[in-house]
Amino acid sequence: MEANHNYHDELAKKNIEKLRELLSTLPSFCRMYFRGMNDTISSRTKIAYAYDLRVFFEFIMQHKGWDKKYSIQDLPVSVLDQIKRDDIEDYMEYLSLYQNQNKTEVMNEERGKSRKLASLRSFYNFYFTNELINTNPASLVKMPKLHEKEIVRLDPDEVAVLLDQVEDGSKLTQKQLQYHEKTKIRDVAILTLLLGTGIRVSECVGLDIHDVDFKNQAVKVRRKGGYEDVVYFGDEVNSSLLSYFEQRNHTIPLEGHENALFLSMQNRRITVRSVENLVKKYAQLVNGLKKITPHKLRSTYGTTLYQETGDIYLVADVLGHKDVNTTRKHYAAMKDAHKRKAAKSVKLREP
């Protein structure tokens with residue numbers, strides 16, 4: 001049950017419990033590494049590091065034959081000095097395709113491999129700089145070369161078609177239409193809010209009723225890292241939220257979910273997975289529409305804002321990027337297009 005007073009604190013508790021569960025599957029000396037992490041690193045990031053390290057140690061145990069002598073939890077820190085550069089390069093190859101603990105096949109392309117090597121480098125660097133090991137083979141392995149992905153976003157006409165489909169549901173099955181009558185006002189509000197503010201899906205589902213300020217047309221969101229931020233919205237978002245509030249005020253939530261803004265069919269706080277599924281459902285109904293996720297709705301907003309303003313610092317601030325270089329990296333291609341446009345705009349002599 002969700003504690004009514006603070007959704008985000010409850011989520012943080014669950015993440016702490018998950019991290020503790022993962023640490024119990026790793027060598028005991030790993031606890032020192034996680035205790036030494038900067039306080040600004042989120043619990044979700046720590047969980048991702050723990051998952052990555054577990055994959056690494058499971059591989060090393062088999063690759064080195066240590067699984068016949070040790071359990072993972074009993075490995076001493078000295079084993080890190082027995083791992084060589086070749087072992088880590090073999091691990092990087094292994095990541096291309098392997099089976100996880102559930103016997104499910106997992107594939108990693110360059111970005112997945114890059115993240116896992118970054119985790120390993122951070123891990124080794126901690127023990128090396130603290131003089132607990134003598135070697136640092138992870139630093140010798142080259143990071144995979146990343147190729148920038150084109151930003152997938154919706155064009156203005158596609159946004160309109162998508163929202164129209166959410167409202168009328170003309171292409172839904174008879175079974176889907178039964179639910180659609182109950183959820184369409186909520187679904188329009190969610191998609192309009194995501195498209196009109198660029199907030200993350202996790203920030204959207206974490207909203208409480210009192211986080212919406214209609215007077216100033218703003219929502220208060222909890223960003224990555226736990227800090228609060230205010231994001232402003234326009235008239236279209238305002239209208240869709242007002243319509244939803246009329247419905248929400250006549251809904252009786254389950255105990256513990258009274259403050260939640262967006263509710264599921266079971267009158268619980270809606271989940272990230274549910275929002276992902278509803279975005280996918282409506283996107284599939286629109287002919288020729290790109291493969292759309294909530295994050296791509298965020299990209300659509302960021303792209304439109306940058307096209308309208310050309311201000312990368314504003315885009316970074318509104319999207320909640322701590323480092324403007326993150327924003328600049330994503331919108332580099334658009335920046336180049338702006339520069340090309342500038343070159344064509346200046347006329348030296350009239351023809």
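Right above here is the structure, for reference.
Bear in mind that the values here come from a model prediction, so they are computed numbers and not experimental data. (Residues numbered from 1 in each chain as written. Predicted model: local features only at pLDDT ≥ 70, side-chain atom pairs only at ≥ 80, totals over all residues. Heavy atoms only, no water.)

J.: What's the story with the overall build of the chain in this structure? I'm lost.
T.: Tallying secondary structure elements over the chain gives 14 helices and five strands in all. Among the 351 residues that make up the chain, the fraction classed as buried is 43%. For the chain, contacts bridging at least 24 residues in sequence account for 60% of all contacts bridging at least 6. (Helix = DSSP H or I, 4+ residues; strand = E, 2+ residues; numbered from the N terminus. Buried < 20%, exposed > 50% of the residue type's maximum accessible area, 1.4 Å probe, protein only. Contact = heavy atoms within 4.5 Å.)

J.: What is the right way to read the environment of Lys-280 from this model?
T.: By secondary structure assignment, the location of Lys-280 is in helix 10 (residues 272-285). Overall, Lys-280 belongs to the partly exposed group, its relative accessible area being 48%.

J.: Hey, could you run me through the environment of Trp-66 in this one?
T.: Its location among the elements puts Trp-66 in the loop between helix 3 (43-63) and helix 4 (85-94). For the pair Trp-66 and Val-79, spaced 13 residues apart in sequence, the C-alpha separation works out to 9.9 Å.

J.: Sorry if this is basic, but what is going on with the packing of aromatic side chains here?
T.: Given two aromatic rings, one states the distance between the centres and the angle between the planes to describe the pair. A full pass over the atoms with the stated rule returns 17 aromatic pairs. Note on Phe-29 and Tyr-127: the rings are 5.6 Å apart at their centroids and 85° apart in plane angle, and the pair reads as edge-to-face. Placement of the pair is Phe-29 in the loop between helix 1 (7-23) and helix 2 (30-35) and Tyr-127 in helix 5 (residues 110-129), with a sequence separation of 98 residues. As far as burial versus exposure is concerned, Phe-29 and Tyr-127 are alike and both buried. On the numbers, 5.0 Å between centres and 90° between planes, the contact of Phe-126 with Tyr-127 is edge-to-face. Residue Phe-126 is classed as buried on the basis of its relative accessible area, which comes to 16%. (Phe/Tyr/Trp six-rings, centres within 6.5 Å; stacked < 30°, edge-to-face > 60°.)

J.: Is there a simple way to explain helix 6 (residues 156-168) in this structure?
T.: Owing to its 3.6 residues per turn, the α-helix brings residues three or four apart onto one side. Its 13 residues give helix 6 an end-to-end C-alpha distance of 19 Å, which sits within 8% of 18 Å, the value for a rise of 1.5 Å per residue. Trailing helix 6 by a residue or two, Gly-169 shows a phi angle of about 60°, which is positive. (Expected span 1.5 Å × (residues − 1).)

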